[in-house]
Amino acid sequence: MKTPPALRLSPESTPYVLLSPFLILFAVFGVFPLAFSLYLAFQTWEPTSGFGAMQFVGLDNYAFALQDEWFWKSLKNTAWLALASGVPQHLVAIPLAYFIHSSFKRLRNGVVGAYFMPYITSTVAIAILFSSLFSTDYGLINVGLNVLSQVPLLGALLPADPVDWLNDPDRIKPAIAVLVFWRFVGFNVVLYLAALQTIPKDLYEAATMDGAGRLQQFFYITLPGLKPMIFFGVTLSIIGGLQLFEEPFILTGGRGGSDQSGMTTAIYLYRMAFDFNDFGAASAMSWLLFILVAVLTWLTNRAFRPRGPGA
């Protein structure tokens, strides 16, 4: 009995065959959901009624989203949280990374690992931890404020009664911003620390010989050298801030908190689809959010683009 000949691939088809597993998975779990979401944005559909219940409504979903007060409020909440948590991340991470880079040698990896730990920790665990910290009666934050309120002069600036962080509409956004800042500042420290190691030491040595102090070196050598990484970090913060979901979702019980003060756009999209069963409007809002992210990313690119001859 003859052995069947081994299957051989031609040189032209071999790359496509080897890439086919990734392409198939990407098409099923990447391209198809995006295409289906774009299709749903022009339909009205309740999934409990089956695919046959879809009805084409044109741009009605987009018109509804642009006229929806909750959608605009969620955008305002998202913008507030993105700024309140994103800007301090970089203002703290840049000098902190510079301090670690210049002051720590042997212990550098341990210090960086401690700052990076919140980023790789479970979001649910972190949110539950901060729910306890922000507890009105037994939270450590209110306990600390109570202790500080006993200090003369400082006590006049602090609330006398425990703060209801997670139920007060005026307090819930700062609570969420603190959580997001704490979780991601370490990630930005790692980014800037990696960028600092690429700046030639000769520049600092030459600046020292010319009489430049550490502060002058920071502003005239370090910051210009970090500009590409700052652009990368700010872009990630913009994208992540506008897609903020897990932290406020857990802290507010998935409802956005009192007066919807903690409801981000991502939470509202989730509620529109799974609470209100309006997948068409949720898809339209998601594509409006995508357009906003794309525009802000483009503006960030324009702001960080090199200027001058040859730029």
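For the structure, check the block above.
Residues numbered from 1 in each chain as written. Predicted model: local features only at pLDDT ≥ 70, side-chain atom pairs only at ≥ 80, totals over all residues. Heavy atoms only, no water.

## Some details on the packing of helix H1 (residues 14–40) against helix H12 (residues 279–304)
Right, on to step 1. Contact pair H1 / H12: the axes reach a minimum separation of 7 Å and the direction vectors enclose 110°. Taken together, the axes of H1 and H12 are roughly perpendicular relative to one another. Crossing geometry of H1 relative to H12 is assigned as left-handed. Contacts between H1 and H12 involve Leu34, Ser37, Leu38 and Leu40 from the former and Phe279, Gly280, Ser283, Ser286 and Trp287 from the latter.
Right, on to step 2. Grouping the amino acids of the contact of H1 with H12 by side-chain chemistry returns five nonpolar, four polar and no charged. (Axes fitted to C-alpha atoms, helices over the stretch in contact; angles between N-to-C directions. Helix = DSSP H or I, 4+ residues; strand = E, 2+ residues; numbered from the N terminus. Parallel < 35°, antiparallel > 145°, perpendicular 65-115°, else oblique. Left-handed = near helix turned anticlockwise from the far one by under 90°. Contact = heavy atoms within 4.5 Å. Nonpolar A, V, L, I, M, F, W, Y, C, P; charged D, E, K, R; others polar.)

## Comments concerning the nonpolar core
Right, on to step 1. Ranked by internal contacts, the top residues of the largest apolar core, which has 25 residues, are Tyr62, Phe71, Tyr268, Met272 and Met285.
Right, on to step 2. Tallying contributions element by element places H12 first for this core, with nine residues.
Right, on to step 3. The next biggest cluster of nonpolar side chains, apart from the first, holds 21 residues, and it includes Ala93, Val189, Ile199 and Tyr204. (Core = buried A, V, L, I, M, F, W, Y, C linked by side-chain atoms within 4.5 Å. Buried < 20%, exposed > 50% of the residue type's maximum accessible area, 1.4 Å probe, protein only.)

## What about a nonpolar patch on the surface?
Right, on to step 1. Judged by side-chain polarity, Leu19, Phe22, Leu23, Phe26 and Val31 come together as a nonpolar surface patch covering roughly 490 Å² of accessible area.
Right, on to step 2. Note that Phe22 resides in helix H1.
Right, on to step 3. Of the residues examined, Phe22 reaches a relative accessible area of 54% and is grouped as exposed. (Patch = residues over 30% accessible without salt bridge, like charges linked within 9 Å, V, L, I, M, F, W, Y side chains within 5 Å. Areas by Shrake-Rupley, 256 points an atom, 1.4 Å probe, with all protein chains shown as cover. Salt bridge = Lys/Arg side-chain N within 4 Å of Asp/Glu carboxyl O.)

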